[in-house]
Amino acid sequence: CPLLERQSTAYRLPICPEKRLAIVLYYLAHGLTFVTLASTFRIGVSTAHQIVHESIPTMKEVLMPKTIRFPSGMELQRVMGAFEHRYGLPLCAGALDGTFVKMKKPNQWGDTYWCYKNYVAILLLAVCDDKAQFTYVDVGRAGAVGDAFAYNNSSLKTRIEGGVWLQEFSQEINDTVVHPFIIADSAFALSPQLMKNYDHPVHQHELNFNRKLTSARQKIENAFGFLKGRWHILTNNAICDPKFVRDIALVCCALHNVCQRSQCPYDQAWTVQPANYNLPGPAPVAPAADAGNEVRFAVAQAV
C-alpha cells in the first residue's frame, strides 16, 4: 500500500499503510459513523475522518483502471459464449441496470436527489458480465434522474452506438446482421445495441426470448446484491457530499470486482433486504425504433 503511506514527523509516527487500508475497508463494509470507526481502531475522530477522505480518492484512481474494463477481443468472445451457453442468448455482451446509493440530503439542489423509492440517493448505472463483475459504471447523477436518462447521456451509449464498443464478432441471424448487444429491462429504449423483453408477448418465440433474457438479466441484480451486501456504506451513511459518495461508490464497485475475481465467499446474511415501499417504478419508455425490433425479432427466432 505505498500510495497510502505517510511521512514520519518529529512529533509522531504515521499510521502504517496496512492499518489505514484496514480502517477504510472496515468503514466501507460497515457504514459506520466516524465516531464509531475511531473508537473501533482507537484513533481520534479527526484522524479517522482524514484517513478515509485521503484514501478513497487514491483507491479510486488506482483500482478503477485495473478492475473495471468493458470487454473486447477474446474477453468479449468469452462473455458472449458464457451467456449463450448458460442462458441460450447469443451475442449478449452484458446486462445493464441502475440502482440507488443512499446519502443524506445535500445542501444544494437537495430535492433533485429524492428518488422514486422515497429517499435521497445518487444513481449508479452499471453493466456486468456473466461472472457478475462490473464492466462499466456510471455513478453520481441525482436520484430523481431515471435509468433511461442516465443511459442516454452516458459514455456507454455514445461508445456502443458510435462503433467504439461491440462492433466485433457480428453474426448474420435470419438474414439480419446482429452485432453484440447488452440487455436491460423495460426502463430502457430498445435499439440494435440494447435488447429488452417484448412488452406484450404473444408468439412462442417471443415468450422464449423473454424467458431467456429475464434469466440472463438476473446477473446484474445479483451483482448489485453482492455489492451492497459486502459494502454497507452504500445503504447506510451520513454523507451529504454527492461527489464523495460517488467516489465511495466507484471504489466499492472496484472492490466488488476484486472479490468476484478472487472468488471470495459471500454470506447470504450480508444481503441488504430492500424496504417494501410499494411504490410504482419508472414508467416504461416509448416504443422502439424499427432497427431494434428487427434485431430482436431475428434473435428471438434463433433462440
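The sections below set out a description of the structure shown in this document. None of these values were measured; they are calculated from a predicted model. (Residues numbered from 1 in each chain as written. Predicted model: local features only at pLDDT ≥ 70, side-chain atom pairs only at ≥ 80, totals over all residues. Heavy atoms only, no water.)

### Some words on the pairing of strand β3 (residues 134-142)
Then, in step 1: The buried fraction of β3 amounts to seven of the nine residues, a majority that puts the element mostly inside the structure.
Then, in step 2: In the sheet, strand β2 (residues 121-128) pairs with β3 via seven bridges, with the strands oriented antiparallel. Considered in β3, the bridge of Ala126 is made with Val137.
Then, in step 3: Hairpin connection, β2 to β3: the antiparallel pair is bridged by five residues, and Ala132 has positive phi, about 60 degrees. (Buried < 20%, exposed > 50% of the residue type's maximum accessible area, 1.4 Å probe, protein only. Helix = DSSP H or I, 4+ residues; strand = E, 2+ residues; numbered from the N terminus. Pairing = 2+ DSSP bridges.)

### Concerning the packing of helix α1 (residues 17-30) against helix α8 (residues 242-261)
Then, in step 1: Contact geometry of α1 with α8 gives a least axis separation of 11 Å together with a crossing angle of 100 degrees. As summarised for this structure, α1 and α8 are arranged roughly perpendicular, according to the angle between their axes. Residues Leu25, Tyr27 and Leu28 of α1 pack against Ile248, Val251, Cys252 and Leu255 of α8.
Then, in step 2: Its residues placed into classes, the contact of α1 with α8 shows seven nonpolar, no polar and no charged. (Axes fitted to C-alpha atoms, helices over the stretch in contact; angles between N-to-C directions. Parallel < 35°, antiparallel > 145°, perpendicular 65-115°, else oblique. Contact = heavy atoms within 4.5 Å. Nonpolar A, V, L, I, M, F, W, Y, C, P; charged D, E, K, R; others polar.)

### Some thoughts on the packing of aromatic side chains
Then, in step 1: All told, the structure shown has twelve aromatic pairs when counted by the stated rule.
Then, in step 2: Each ring, one from Phe70 and one from Trp165, has its centre 4.2 Å from the other, and the planes form 10 degrees; the classification is stacked. You can see Phe70 sitting in the loop between α3 (45-67) and α4 (73-87) and its partner Trp165 sitting in the loop between α6 (155-161) and β4 (171-173), a full 95 residues away along the chain. Per residue, the accessibility class of Phe70 equals that of Trp165, and both read buried. (Phe/Tyr/Trp six-rings, centres within 6.5 Å; stacked < 30°, edge-to-face > 60°.)

Everything listed here is a matter of coordinates, which is why it stays silent on function.
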